[in-house]
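Overview (structure and organization)
As a plain string of letters, each chain reads:
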Amino acid sequence: IEANRTGGEQLDAFIRSSGGDAREAVEKADIFRVLKTEGFAYLIAGMQQRVAAGRKLRVVGIDCQHSRPDAEFALARLAARDAVAAERIRAALAPIVGPDAASLRHPKLIKSIDTAQLRACIAGLEELERALAADPAGAAVALRARQGLLAFEHEVSDGDPSRLDMEYFNLRDRFMAENILADGAHKGAFWGHNIHIFGGPRDLTVGFVPSGTVLREALGRAYRIVACDYRAARIRAVVAKSDTEMPDALGAQEVLARKAAAGDLADAIAADGSGSVWIDLSAMPAGDAFDAWRATPRAFDWPGFAMTRERRDEHLMRIPVAKLVDVVVVLDEVGPARPLSGADAAPR
């Protein structure tokens, strides 16, 4: 799931436990607020029931926005083998594991340090990973901590906003895909935002390389992409003043209405109908007419944790989305998500 390692491990431990309340487990887990909903709690409860019935299921968090806990975990693994080396490396990592960092969410942690401190911590994490070479599990978590710094490198206190280009924004998606692939050869499902899971030829996505493209290149058609769109939606989100300035993820949420955008994927597939439908685009026959339909640029508006109050035309990207997904589910009406009590205080 599009969540950090710690949250994934907490939920994985819950689904193989013999009791407890799924709502409470989700509410307390170190996962993003957008997942702390009744719907997600039902999913986790169902997974627990299936594990109890003998099904082999795991929850794996593949994101990299938790450098402090990941560094602490890796340091503890090294301390069990070489306490002196662990203390030396801990000193080098003080800006991200020291007392001043203990209460900071990842975005705040990044903004609390400068470029020199960040680069020193990246070097320290590289040393930590080498020191854990005989402990692959510990080394993998040290790498995850380093990913979290690299993916936000230019958002430190003295960062250069001009360097926030597409190559930079690609890093987090690349890391999430690499973390999935590093987990081994398992049958599984990657649950993330549409913008992360879709993928295909790189020249179709205007410089953005989503996790799905990296997975499609590695796995070929063994990676199947299912995206959801809607005719109408009510979306619970933090209100953004513009599409370029993202607010704090823990800001006040509102329920905002959206209709399908003219010329989007839902419009192209199910404009004149009613009810929810799905279509397997990968099964579409070959032929000029079908190829042209799939290659037609479509507008898409897939809000994340934040969205503007009103949708403007310049907010819409237009790319041949139908060539970047396999199955499209068009929902007649969706939302809003129902947050669990206390979810407003959840980490992001």
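It should be emphasised that the depicted structure is a prediction, and the values quoted were computed from it without experimental measurement. Throughout, residues of each chain are indexed from 1 in the direction in which the sequence is written. For a predicted model such as this one, the threshold for reporting local features is a pLDDT of at least 70, and the threshold for listing and counting side-chain atom pairs is 80 or more; totals across whole chains, interfaces and linings nevertheless cover every residue. Neither water nor hydrogens contribute to the side-chain values; these are computed over all heavy atoms in the structure.

**Quick word on the packing of aromatic side chains**
Short version of the rule: A pair of aromatic rings is counted whenever rings of Phe, Tyr or Trp (Trp by its six-membered ring) have centres within 6.5 Å, and the orientation is called stacked for planes under 30 degrees apart, edge-to-face for over 60 and tilted otherwise. Whether a residue is buried, partly exposed or exposed follows from its accessible area with a 1.4 Å probe, protein chains only, as a fraction of its type maximum: under 20%, in between, or over 50%, in that order. Working rule: Lys NZ or Arg CZ, within 6 Å of ring centre, within 35 degrees of ring normal, means a charge sits over the ring.
Counted by the stated rule, this structure contains five aromatic pairs. A centroid spacing of 5.5 Å and a plane angle of 65° characterise the contact between Tyr168 and Phe169, whose relative ring orientation is edge-to-face. Residue classification places Phe169 among the partly exposed positions, given a relative accessible area of 43%. Members of the aromatic cluster, each reached through a chain of ring pairs, are Phe198, Phe300 and Trp302. The side chain of Arg5 reaches across the aromatic face of Phe73, ending 4.5 Å from its centre. For Arg298, the ring lying beneath its charged end belongs to Trp293, and the centroid distance is 4.8 Å.

**Focus on the pattern of salt bridges**
Oppositely charged side chains can pair when the atoms bearing their charge come close. As a reminder of what qualifies: The salt bridge criterion pairs a side-chain nitrogen of Lys or Arg with a carboxyl oxygen of Asp or Glu, the two atoms within 4 Å. A run of DSSP states H or I qualifies as a helix once it reaches four residues; a run of E qualifies as a strand once it reaches two. Both are numbered from the N-terminal end.
Counted according to the given criterion, the structure contains 27 salt bridges. Between Glu87 and Arg90 there is a salt bridge; the shortest N-O distance is 4.0 Å. Note that Glu87 and Arg90 are positioned in helix α5 (residues 83-92) at a spacing of three residues, about one turn of the helix. You can call Glu87 exposed: its relative accessible area is 52%.

**Description of the layout of surface pockets**
Spelled out, the test is: Detection works on a 1 Å grid of protein atoms alone, calling trapped sets that fit a 1.4 Å probe cavities and calling open sets with protein on both sides within 12 Å along at least five of seven lines pockets, with lining residues defined by an atom within 4 Å of a point. Grid points are joined across faces, edges and corners, and a volume is the space filled by probe spheres set on the points. Residues are grouped as follows: Ala, Val, Leu, Ile, Met, Phe, Trp, Tyr, Cys and Pro are nonpolar; Asp, Glu, Lys and Arg are charged; every other residue, Gly included, is polar.
Computed from the structure, the second largest pocket encloses a volume of approximately 400 Å³. Arg5, Glu9, Val60, Arg144 and Asp183 are the residues nearest the centre of the second largest pocket, which is lined by 18 residues in total. Secondary structure elements with two or more residues in the lining of the second largest pocket: α1 (5-15), α9 (136-150) and α10 (166-182). Taken together, the residues that form the lining of the second largest pocket break down as eight nonpolar, four polar and six charged.

**Remarks on the packing of α5 against helix α8 (residues 115-131)**
Where we set the bar: Axes here refer to lines fitted to C-alpha atoms; in helices the fit is confined to the stretch in contact. Angles between the N-to-C directions go from 0 to 180 degrees. Throughout this description, any angle smaller than 35 degrees is read as roughly parallel, any larger than 145 degrees as roughly antiparallel, any in the 65 to 115 degree range as roughly perpendicular, and the remainder as oblique. Should the near helix be turned anticlockwise from the far one by less than a right angle, the crossing is termed left-handed; should it be turned clockwise, right-handed. We call two residues in contact whenever any of their non-hydrogen atoms come within 4.5 Å of each other.
Where α5 contacts α8, the two axes come as close as 8 Å, and the packing angle between them is 160°. On the basis of the axis angle, α5 is roughly antiparallel to α8. Here α5 and α8 pass one another in a crossing that is left-handed. Note on element contacts: α8 touches α5 through Ala120, Cys121, Gly124, Glu127, Leu128 and Ala131, opposite Arg88, Ile89 and Ala92.

**Details of the side chain of Gln147**
Inspection of the secondary structure assignment puts Gln147 in helix α9. Overall, Gln147 belongs to the buried group, its relative accessible area being 3%. In this structure, Gln147 is in contact with Cys64, Phe175, Glu178 and Asn179, ignoring residues within four places of it in sequence.

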